[in-house]
Amino acid sequence: MCGICGIYNFNKNKPVSNNTLDNMNNALAHRGPDEAGLYIDAFIGLGHRRLSIIDIQNGKQPMSNENSTIWVTYNGEIYNHKELKDSLLKKGHEFKTDCDTEVIVHAFEEYGTESVLKFNGMFSFAIWDSKNETLFLARDRLGIKPLYYSVSNDYFIFASEIKAILQHPSVKAEVEINSIPEYLFCTSLLNGNTMFRNIYSVPAGHVIVFKNKTKEITKYWDIKLKNIQEDEFSFEQYKKQIYNLLEDSVRMRLMSDVPFGSLLSGGVDSSVISALAATYVSNNKLRTFSIEYSKNMELCRDNSDTKYAGMMAHTFQTDHKEFILQPEEYYDILGKVIWHTEKPIELTTPSLYLLHKNLKKHVTVVLTGEGADELFGGYFFFLKEAQTNQIKEFPWAPYFNEVSMLLSPDIEKETNFRENVKSTLYDLLNRFESDDFLNKVLYLFIKIYLLEMLERQDKTSMAWGVEARVPFLDHRIVEYIMNIPSKYKIRNGIEKYILRESFRNLVPSEVINRKKKPFPFPVDPKSIFKQKNIANDLIQSGNSGIAKYFNKKETDDFFNKKNKFKGLDNLAVFRTSYAMISLELWHKAFGV
């Protein structure tokens, strides 16, 4: 896992500035604390910060082929790189290292832009083909690894994080106004937008070919939902294949030349991953990690993560570390977390940041259970409307109608966000002829909500130089699970039903039957009153960075549950006040 960046000057007679590229690279130092490298050839420059995981002694980047005509800067892991290397050796390619980076170089030589289809892994990379003067960028199928770019009249700039792009003198930190309502009312950014004007995210499963000042973005992979009239397989056959695929995915993701472990919250997803991983490291105990807040343990002792994580650790004899945090630790780091994530955050993001901070003392690589909810229907409390084919807002962003009333009329007119939300919903829910509406909704989750979850996982882990791997998001698993009838995913009010049944004989019943619980954050019944007052003051005072986005009267009525907001749900007040405070902190973090 690493950080990458690069500059392409449109003026071929203007060399890339070594100082500028170095500044961009240094902005990614937290992602790759082990090594730094630059490659500059006149109007092209590539930068790399390395976190050494595989073939530690070699693998310095940017890396080239034998005759230095192809150069790569790469972030991620290619889990099938050994098999690909064997195949390329038979085709006459010569290798100097055992790292997966060199496999990407030779795969590009052999297969060109189609090489991305050969890779099983998580990745974002850039390849400079000097013979053809072509820059090729690629992002993995599900968007596990981030990649951003900016285009001006003079440059094409890219990086693993936006803060590196902002180091270029031609790029200013300015608000992308369309992202304000998208963040506030959808909790997700649409159409490749970031919070910054003229800085975009490369879509998951896409490549960019840049040549002669021309940018071409192409989709190379997507999920295909079949219109299945009858079950292709029996329930038992589905279960067996899920087990086999996930077992193989975990096995592949255990490759590492540095200490590794597994997150273990005591929920179904992380418990399944940890249980499978434990069977592969029987000679050495698997390291597992969980967190909780001290006051939460007092408030929900019987359903605390610590109870179930401890049960799993005992069953599989893992070397378990339990980090008990104080609420002050959470609130003290909000600004830092927002700087790392480069956008306003949701409630549990600081907790992930603290978890990775603490486990870095023990491991460099961790397995996580991310992605299971989106594949198997784990958000049942968000999916009730999907049962009746009624989706009028993003399921993970309730209170859309109420909260969107707070927006300033000028901002609403300028952004046209209601139409953007409507068209996005229609597009994603009508791409396939499948009669399985719930699977269509899960596709919506994967294409938008999951990207946000993966981005926060990447940024909070890489803030501490930790590589997080996601076995559930092996593309083979995604393609298979998304075409399992949803009647097997949610049954009798039980979410992720087929996942639970697939691993019932491996994971203790108390864990496999456990209802979904949010990732820990400090629970304080009084916080809703504190937060709503702070958020309302930000708007009413007019002195904040966010005051201009909101209608003062509507906001005051909202937080005090008056007039049209009478009887408003407390959760809506809590979520909205947190979002407003987070947005203000983002403005301060980046001086916009």
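The structure we're discussing is the one just above.
A quick note: this is a predicted structure, and the numbers were derived from the prediction, not measured. For every chain, the first residue of the written sequence is number 1, and numbering continues from 1 along that sequence. Local features in a predicted model are, by the rule used here, given only for residues with pLDDT of at least 70; side-chain atom pairs are given and counted only at 80 or more, and totals for whole chains, interfaces and linings are based on all residues. Computation of side-chain values covers all heavy atoms of the structure but excludes hydrogens and water.

A. Inspection of empty space enclosed by the protein at higher detail. As defined here, a cavity is a set of points on a 1 Å grid over the protein atoms alone where a 1.4 Å probe fits but cannot get out. A pocket is an open set with protein on both sides within 12 Å along at least five of seven lines, and residues line them when an atom is within 4 Å of a point. Grid points are joined across faces, edges and corners, and a volume is the space filled by probe spheres set on the points. In the structure shown here, the tally under the stated rule is four cavities of 30 Å³ or more. Roughly 50 Å³ of volume is contained in the second largest cavity. Classification convention: Asp, Glu, Lys, Arg as charged; Ala, Val, Leu, Ile, Met, Phe, Trp, Tyr, Cys, Pro as nonpolar; all other residues, Gly among them, as polar. Its residues assigned to classes, the lining of the second largest cavity comprises three nonpolar, three polar and four charged.

B. Summary view of the packing of aromatic side chains. Each aromatic pair joins two rings of Phe, Tyr and Trp (for Trp, the six-membered one) with centres within 6.5 Å, and gets the label stacked for planes under 30 degrees apart, edge-to-face for over 60, and tilted for any other angle. Summed over all chains, the structure comprises 41 aromatic pairs. Plain terms: the ring middles of F43 and W128 are 5.7 Å apart, the flat faces sit at 90° to each other, and that makes the pair edge-to-face. Taken as a pair, F43 in the loop between β2 (35-41) and β3 (44-50) and W128 in strand β6 (residues 121-129) lie far apart in primary sequence, 85 residues in all. Exposure class is identical for F43 and W128. Each is buried. For the ring pair F445 and Y449, a centre distance of 5.8 Å and an interplane angle of 75° mean the geometry is edge-to-face. The way it works is that DSSP assigns letters per residue, a run of H or I at least four long becomes a helix, a run of E at least two long becomes a strand, and they are numbered from the N terminus. Under the scheme applied here, a residue whose accessible area is under 20% of the maximum for its type counts as buried, over 50% as exposed, and between as partly exposed, the area being computed with a 1.4 Å probe on protein chains only.

C. The arrangement of a negative patch on the surface in detail. Patch members must show over 30% relative accessible area and no salt bridge, and they are joined within 9 Å when carrying like charges or within 5 Å when they are nonpolar side chains of Val, Leu, Ile, Met, Phe, Trp or Tyr. Accessible surface is estimated by sampling points in the Shrake-Rupley manner with a 1.4 Å probe; for residues, cover comes only from the protein chains shown. Criterion for a salt bridge: a side-chain nitrogen of Lys or Arg within 4 Å of a carboxyl oxygen of Asp or Glu. When charges are counted, Lys and Arg are positive and Asp and Glu negative, with His and the chain ends excluded. Where a charge sits is defined by one atom per residue type, namely NZ (Lys), CZ (Arg), CG (Asp) or CD (Glu). Residues E66, E94, E109 and E110 make up a contiguous surface patch of negative charge. Looking at where E109 falls in the secondary structure, it is placed in helix α3 (residues 100-111). Among the residues examined, E109 registers a relative accessible area of 32% and is labelled partly exposed.

D. View of the nonpolar core. Buried Ala, Val, Leu, Ile, Met, Phe, Trp, Tyr and Cys residues that are joined via side-chain atoms within 4.5 Å together make up what is termed a nonpolar core. Residues F125, L375 and F394 are the most contacted members of the largest nonpolar core, which totals 177 residues. Examining the composition of this core, we find that twelve residues originate from one element, helix α17 (residues 437-462), more than from any other. In contact with F394, not counting residues within four places along its chain, are C186, L190, V421, T424, L425, L444 and I448. Core analysis: the next-biggest nonpolar cluster, separate from the first, contains 19 residues, F10, L46, W128 and Y149 among them. Whether two residues are in contact is decided by their heavy atoms: any pair within 4.5 Å suffices.

E. Broad picture of the sheet that holds strand β1 (residues 2-9). Strand pairing requires that DSSP identify at least two bridges connecting the strands. Strand order in the open sheet formed by six strands is β2-β3-β1-β9-β8-β10, and the pairing between neighbours is antiparallel. In this open sheet, the two edge strands, each paired with only one partner strand, are β2 and β10 (200-201). Two elements, β1 and β3, share seven bridges in a ladder whose sense is antiparallel. Of the residues in β3, the one forming a bridge with I7 is G45. Docked against the sheet, helix α1 (residues 18-26) engages β1, β2, β3 and β9 (155-159), running at close to 150° with respect to β2. The axes are straight lines fitted to the C-alpha atoms, using for helices just the contacting stretch, and the angles between their N-to-C directions are given from 0 to 180°.

F. Local environment of the environment of R253. Topologically, R253 is positioned in the loop between α6 (235-252) and β13 (260-263). Residue classification places R253 among the buried positions, given a relative accessible area of 3%. In this structure, R253 is in contact with Y79, N120, L367, R469, V470, P471 and D474, ignoring residues within four places of it in sequence. Polar contacts, as used here, are pairs of N or O atoms within 3.5 Å; protein pairs need one atom able to donate a hydrogen and one able to accept it. Residues neighboring in sequence count only if both atoms are side-chain atoms. At 3.3 Å, the side chain of R253 and the side chain of N120 are in polar contact. Polar contacts involving the side chain of R253 include one to the side chain of D474, which spans 3.3 Å.

G. Main features of the packing of helix α16 (residues 417-429) against α17. Closest axis-to-axis distance for the α16/α17 pair is 9 Å, and the angle between their directions is 120°. For the element pair α16 / α17, the angle class is oblique. Every pair of crossing elements has a handedness; the one defined by α16 and α17 is right-handed. Residues T424, L425, L428 and L429 of α16 touch α17, and the partners they reach there are F437, K440, V441, Y443, L444, K447 and I448. The class makeup of the residues in the contact of α16 with α17 is eight nonpolar, one polar and two charged. Should an angle lie under 35 degrees it is considered roughly parallel, over 145 roughly antiparallel, and from 65 to 115 roughly perpendicular; all remaining angles are considered oblique. Each helix crossing is assigned a hand: it is left-handed if the near helix lies turned anticlockwise from the far helix by less than a right angle, otherwise right-handed if that turn is clockwise.

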